[in-house]
Amino acid sequence: MTKTKVLFVCLGNICRSPLAEAIFKAKISKRGLSHLVAADSCGTANYHVGDNPDHRTIANARKNGIEIDHVGQQLSLRHVVDYDFILAMDKSNFQNILRLNGTVGYANKISLMRSFDPDRDDDSVPDPYYGTERDFQNVFEILDRSVDLFIRHLEKEHLKV
């Protein structure tokens, strides 16, 4: 059986996207769906390839009961081709994904993460990198809500549960 593959994308792959990936994996595991779904994350820029997530992201995730196991990587055409769902953290990264050479014909796979946020007041998950602990917590809460609705979407429309 082929797994449904989900990719979370931000700029550097050290704050938002590895957190989204970790939240998603924890929720998928809790629902007993790990055999049906695989997930990863990457960045549109190459700033942090090979790096661990930001220490503040790791601390915030742990505070919220989530463990992150990820090493930074940069988005490539292989990701766009291989993944079924690509969730961008903001409009800039959404556009950067579409600008990647060879992505013509794959736009239907790409969505904004917050399109699944029931309390959306903006289309973007804010980048907490230059922010405070409260900013990191805000991002956690946005991703937690958004991932819940995305999983419901998967269960209803794409997974044979």
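Here, every reference points to the structure presented above.
Figured I'd write up the structure that's included with this text. Keep in mind that what you see is a predicted model, and the values were worked out from it rather than measured. (Residues numbered from 1 in each chain as written. Predicted model: local features only at pLDDT ≥ 70, side-chain atom pairs only at ≥ 80, totals over all residues. Heavy atoms only, no water.)

### Here's the deal with the packing of helix H1 (residues 16–30) against helix H5 (residues 133–157)
Okay, step 1: Following both chains from N to C, one finds H1 and H5 inclined at 50°, their axes separated by 9 Å at the closest point. Between H1 and H5, the angle is such that the two are oblique. At the point where H1 passes H5, the crossing takes the right-handed sense. For the pair H1 and H5, contact is made by Arg-16, Leu-19, Ala-20, Ile-23, Phe-24, Lys-27 and Ile-28 and by Val-139, Phe-140, Leu-143, Asp-144, Val-147, Asp-148, Phe-150, Ile-151 and Leu-154, respectively.
Okay, step 2: Residue classes in the contact of H1 with H5 are distributed as 12 nonpolar, no polar and four charged. (Axes fitted to C-alpha atoms, helices over the stretch in contact; angles between N-to-C directions. Helix = DSSP H or I, 4+ residues; strand = E, 2+ residues; numbered from the N terminus. Parallel < 35°, antiparallel > 145°, perpendicular 65-115°, else oblique. Left-handed = near helix turned anticlockwise from the far one by under 90°. Contact = heavy atoms within 4.5 Å. Nonpolar A, V, L, I, M, F, W, Y, C, P; charged D, E, K, R; others polar.)

### Topic: the pattern of salt bridges
Okay, step 1: One pass over the full model with this rule turns up 16 salt bridges.
Okay, step 2: For Glu-141, the salt bridge identified is with Arg-134, shortest N-O distance 3.6 Å.
Okay, step 3: Exposure remark for Glu-141: the relative accessible area of 29% places this residue in the partly exposed category.
Okay, step 4: Salt bridges sharing common partners tie together Arg-114, Asp-117, Asp-119, Asp-121 and Arg-145. (Salt bridge = Lys/Arg side-chain N within 4 Å of Asp/Glu carboxyl O. Buried < 20%, exposed > 50% of the residue type's maximum accessible area, 1.4 Å probe, protein only.)

### Looking at the pairing of strand S1 (residues 4–10)
Okay, step 1: S1 sits mainly inside the fold: six of its seven residues count as buried.
Okay, step 2: Here seven bridges tie S1 to strand S2 (residues 37–43), and the two strands are oriented parallel to one another. From the neighbouring strand, Leu-7 faces S2, where its bridge partner is Asp-40.
Okay, step 3: In this fold, the crossover linking S1 to S2 by way of H1 has right-handed handedness. (Pairing = 2+ DSSP bridges. Right-handed = clockwise from strand over helix to strand, strands pointing away.)

### Concerning unusual backbone geometry
Okay, step 1: Positive phi is not limited to glycine here, since Asn-13 has a value of about 65°.
Okay, step 2: When you line up the elements, Asn-13 lands in the loop between S1 and H1.
Okay, step 3: Note on Asn-13: relative accessible area 0%, which makes it buried.

### As for the nonpolar core
Within soluble globular proteins, side chains that are nonpolar tend to cluster in buried spots.
Okay, step 1: Core analysis: the largest hydrophobic core is formed by 31 residues, its most contacted members being Val-6, Phe-8, Phe-24, Met-113, Leu-143 and Phe-150.
Okay, step 2: At the level of secondary structure, the elements contributing two or more residues to this core comprise S1, H1, S2, strand S3 (85–88) and H5.
Okay, step 3: Broken down by element, the residue count for this core peaks at eight residues, all from H5.
Okay, step 4: Of all hydrophobic cores here, the second largest spans 12 residues; its members include Leu-7, Val-80, Ile-86 and Phe-94. (Core = buried A, V, L, I, M, F, W, Y, C linked by side-chain atoms within 4.5 Å.)

### What about the layout of surface pockets?
Okay, step 1: Considered as a void within the structure, the largest pocket measures approximately 180 Å³ in volume.
Okay, step 2: Leu-11, Gly-12, Ile-14, Asp-127 and Tyr-129 are the residues nearest the centre of the largest pocket, which is lined by 13 residues in total. (1 Å grid on protein atoms, 1.4 Å probe; cavity = no way out; pocket = protein on both sides within 12 Å on 5 of 7 lines; lining within 4 Å. Points joined across faces, edges and corners; volume = space filled by probe spheres on them.)

Any link to function would need more than the numbers given here.
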